[in-house]
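Residues per chain, in single letters:
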Amino acid sequence: MLTVRAYAKVNLTLEVLGKRADGYHQIASVMQTIDLSDELTFTISDEINLRCNVPALETDTNLALRAASLLKERTGYSGGVDIFLKKNIPVASGMGGGSSDAAATLKALGRLWELDLGNEELQPLASSLGSDVSFFLFGGTAIAEGRGEIVYELPPMPTVHLVLLAPPLEIPDKTATMYGRLTPEHFTKGEASLSLQHCLEDGKEPDAKLLFNVFEGVAFDLFPSLEVYRRAMLEAGADWVRLTGSGPALYTFVASRVEALALAEKLREGGYEPYVATTGG
Ligand code: C5P
């Protein structure tokens, strides 16, 4: 039996450079794992099965289940695994929970099934499961390019405290829909990600001015009540608010854990359910 954590992420930058011939978009994104995590337990078995504390996620499309099946198919491993997924990361929020579960599954089963596979061998499987999965093979601080699957590790960012809100707002096929709303006016050249990369390479904590997310240009139209959540964070004392991934989760940095807890408490008093986290994971 093996139990592992699958960490959530925030996008410190997320730029779209253009639309590609294959229908995907070319991106540049500085990504960072945070210490909010799902927990996955793997037990060797004859077949592949998944149980989850959220029964609605026990489907064939669950990325942890798909990762296990793909690894078995590609390696010819004869056995299976029982997976138990304890979900803590809000689903379809822009925090990468499903992608992180998939990467954690590939790595954990590599060990449990004694396949002796490194990130280099797992990367093609990760990228076929989803554009964000490769990043989670590494975690920490990294820049993602291509459609997200080309990942370069960056020096770890100095520890930062965050407060996040994951509004319970849903749209069908969220990621594809959000990308589909982008037009050439939203496209940038990757300068924001490059500036942030240089800042991190100098060992500095990123200034909020360096953070950027292209989807803020369309998210507030697609999720009309998102603005209510953004304002709630500002009114509770956040200096600024950024979207992570294609949303709808929002985050801000604060100076200390004490400040994070105070901001979260104010949000709770307003009826919201914030998350307090630090970078790492
Ligand atoms: O790779 P993933 O399955 O997460 O992508 C979901 C959808 O998001 C894709 O089918 C595509 O429509 C869109 N997408 C995109 N460009 C990217 C990543 C995703 O257009 N770089």
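Residues numbered from 1 in each chain as written. Predicted model: local features only at pLDDT ≥ 70, side-chain atom pairs only at ≥ 80, totals over all residues. Heavy atoms only, no water.

**A short note on the pattern of salt bridges**
Here is the rule: Each salt bridge in this description consists of a side-chain nitrogen of Lys or Arg and a carboxyl oxygen of Asp or Glu lying within 4 Å of one another. Only protein chains enter the accessibility calculation, which uses a 1.4 Å probe. A residue is then buried if its area is under 20% of the maximum for its type, exposed if over 50%, and partly exposed in between.
Applying the stated criterion across every chain yields a total of 12 salt bridges. One salt bridge connects Lys-204 with Asp-202, and the closest N-O pair in it is separated by 3.9 Å. The shortest N-O distance in the salt bridge between Asp-207 and Lys-209 comes to 3.8 Å. On the basis of relative accessibility, which here comes to 40%, the residue Asp-207 falls in the partly exposed class. Residue classification places Lys-209 among the exposed positions, given a relative accessible area of 75%.

**Comments concerning the site of the ligand**
Quick note on the threshold: Whether a residue is near a molecule or strand depends on its heavy atoms: it is near if one of them lies within 4 Å of it. In the analysis that follows, any N or O atom pair within 3.5 Å is treated as a polar contact, provided that within protein one partner can donate a hydrogen and the other can accept it, and provided that, for residues neighboring in sequence, both atoms belong to side chains. What sets the accessible areas is the Shrake-Rupley method with a 1.4 Å probe; for residues, cover comes only from the shown protein chains. Working definition: helices are DSSP H or I runs of at least four residues, strands are E runs of at least two. Numbering for both runs from the N terminus. Throughout this entry, Asp, Glu, Lys and Arg are counted as charged residues, while Ala, Val, Leu, Ile, Met, Phe, Trp, Tyr, Cys and Pro are counted as nonpolar. The remaining residues, Gly among them, count as polar.
The full set of residues close to the ligand is Gly-23, Tyr-24, His-25, Ile-27, Gly-130, Ser-131, Arg-147, Thr-175, Ala-176 and Tyr-179. Take Ser-131: an N or O atom from its side chain is 2.5 Å from an oxygen atom of the ligand. Between the ligand and Arg-147 there is a distance of 2.9 Å, counted from a nitrogen atom to a backbone nitrogen or oxygen. Isolated, the ligand exposes 450 Å² of accessible area, and the fraction of that covered by the protein chains is 71%. Listed by contribution, the elements that provide at least two residues to the shell around the ligand are strand E3 (25-45) and helix H5 (174-181). Taken together, the residues of the shell around the ligand sort by class into four nonpolar, five polar and one charged.

**Observations regarding the sheet that holds strand E10 (residues 242-243)**
Whenever strands of a sheet pair, they do so through backbone hydrogen bonds, lying parallel or antiparallel. Worth spelling out the cut-off: In short, DSSP must find at least two bridges between two strands for them to pair.
Pairing in this open sheet of four strands is antiparallel, and the strands run E10-E11-E8-E12 from one edge to the other. Only two strands of the sheet have a single partner each, and these edge strands are E10 and strand E12 (275-278). Bridge count between strand E8 (residues 161-165) and E12: four bridges; the pairing is antiparallel. By the bridge assignment for E12, Leu-162 is matched with Ala-277.

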